[in-house]
Amino acid sequence: MTNIVFIGAGSMAEAIIKGLLEEEKVSPSSICVMNKSDEKQLHYLNAKYKIEIMCTKKLALQNADIVFLAMKPKDAIQACKEIASFLNKQATVVSVIAGVSIKTIESYLGDRPIARVMPNTSASVGLSASALCWNEKVNNVAKKEIINLLESIGTVKVVQEVDMHVITALSGSGPAYLYYFAEQFEAAAVQHGLSQEDARHLFIQTMKGAAYMLMKGEDEPAELRRKVTSPGGTTEAGIEQLMFHKVDEAIFACISAAQQKSRTLGEQFE
């Protein structure tokens, strides 16, 4: 039985807990959650998932096999200071904190197995794109266990830590960008006479179909676009407007700004 402790009880912690239990990776009795101040959230998680919240910090951390750091970045350092003396030496720490490096976590929690994961909010429906890295202290058994647990909320890609900033910008923040596109396409369709209900349904199905075509991997995105774009047709007219308004430059600027923000957030902890 793997004993798991979550430090932090926000939406990402809940998404992971939900996935672990729905996929029957662990039992509710093996999960304990601690939170800095929001007792209402803790009792909500206890009522919904039947997990343990009435555990003492000392006992829970001493018995933990895996500890998820799932608090807000601004609370990370203080939380690490508070739990450092209670952690058992064999526990693997898995950080879900954006921007905070493994090196920084090591400086507060010591020389121990530490992994870092960047999921996204689609974890709440089991469709996260999670990027994962770790230090040299994480052995092969622990690596397989962490991957197995995280696959309960979606796909897992093992990466180099140096790439985590751009991954944060791409897949960590990515759902928000797609929701923004959905807002704008829906608004434009409604402006031209379509009902909001129909606009939303059609755009969602369009995104779903396009995503499936990309997942098949039979053609590059540019080739898929070419196949839809008949010369002199409606798609070409729309694509020309996207190019005229430099949407490509806007997307490059979006990713650049987000990854730089990730670096800046990380620097404040070093």
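Residues numbered from 1 in each chain as written. Predicted model: local features only at pLDDT ≥ 70, side-chain atom pairs only at ≥ 80, totals over all residues. Heavy atoms only, no water.

### Things to note about the environment of Val 33
Here Val 33 shows up in strand β2 (residues 31-34). Sequence separation of Val 33 and Glu 14 is 19 residues, and the distance between their C-alpha atoms is 9.7 Å. Contacts of Val 33, omitting those with residues within four sequence positions, involve Phe 6, Gly 8, Ala 9, Ile 17, Leu 42, Leu 45, Ile 51, Glu 52 and Ile 53. (Helix = DSSP H or I, 4+ residues; strand = E, 2+ residues; numbered from the N terminus. Contact = heavy atoms within 4.5 Å.)

### Notes on helix α4 (residues 76-83)
If you check which residues of α4 are buried, you get Ala 76, Ile 77, Ala 79, Cys 80 and Ile 83. Buried residues along α4 cover an arc of 165° about the axis, so they all sit on one side. Against the buried residues of α4 lie β1 (4-7), α3 (57-62), β3 (66-69) and α5 (102-109). (Buried < 20%, exposed > 50% of the residue type's maximum accessible area, 1.4 Å probe, protein only. Arc of directions from axis to C-beta.)

### A short note on the layout of surface pockets
Volume-wise, the second largest pocket comes out at about 830 Å³. Around the second largest pocket, the lining comprises 33 residues; the ones closest to its centre are Gly 8, Gly 10, Ala 70, Met 71 and Lys 72. At the level of secondary structure, the elements contributing two or more residues to the lining of the second largest pocket comprise α1 (11-22), α4 and α7 (164-172). At 4 residues, the largest contribution of residues to the lining of the second largest pocket is made by α4. When its residues are assigned to classes, the lining of the second largest pocket shows 15 nonpolar, 12 polar and 6 charged. (1 Å grid on protein atoms, 1.4 Å probe; cavity = no way out; pocket = protein on both sides within 12 Å on 5 of 7 lines; lining within 4 Å. Points joined across faces, edges and corners; volume = space filled by probe spheres on them. Nonpolar A, V, L, I, M, F, W, Y, C, P; charged D, E, K, R; others polar.)

### Regarding the environment of Gly 172
Position of Gly 172 among the secondary structure elements: in helix α7. Under the relative-accessibility criterion, Gly 172 is labelled partly exposed at 22%. Between the C-alpha atom of Gly 172 and that of Ala 131, which follows or precedes it by 41 residues, the distance is 8.9 Å. Filtering out sequence-adjacent residues up to four positions away, Gly 172 remains in contact with Met 118, Pro 119, Asn 120 and Ile 167.

### Describing the pairing of strand β5 (residues 114-118)
In terms of residue burial, β5 counts as a mostly covered element, since 5 of its 5 residues are buried. Along β5, one buried face is formed by Ile 114, Arg 116 and Met 118 and the opposite face, lined by Ala 115 and Val 117, is buried too. Bridge analysis of strand β4 (residues 92-95) against β5 gives 3 bridges, and the strand direction is parallel. Bridged to Val 93 within β5 is Ile 114. The parallel pair β4 and β5 is bridged by α5, and the resulting crossover is right-handed. In this sheet, strand β6 (residues 128-134) lies alongside β5 in antiparallel orientation, the contact comprising 4 bridges. Opposite Val 117, over in β6, you have Leu 132 as the bridge partner. (Pairing = 2+ DSSP bridges. Right-handed = clockwise from strand over helix to strand, strands pointing away.)

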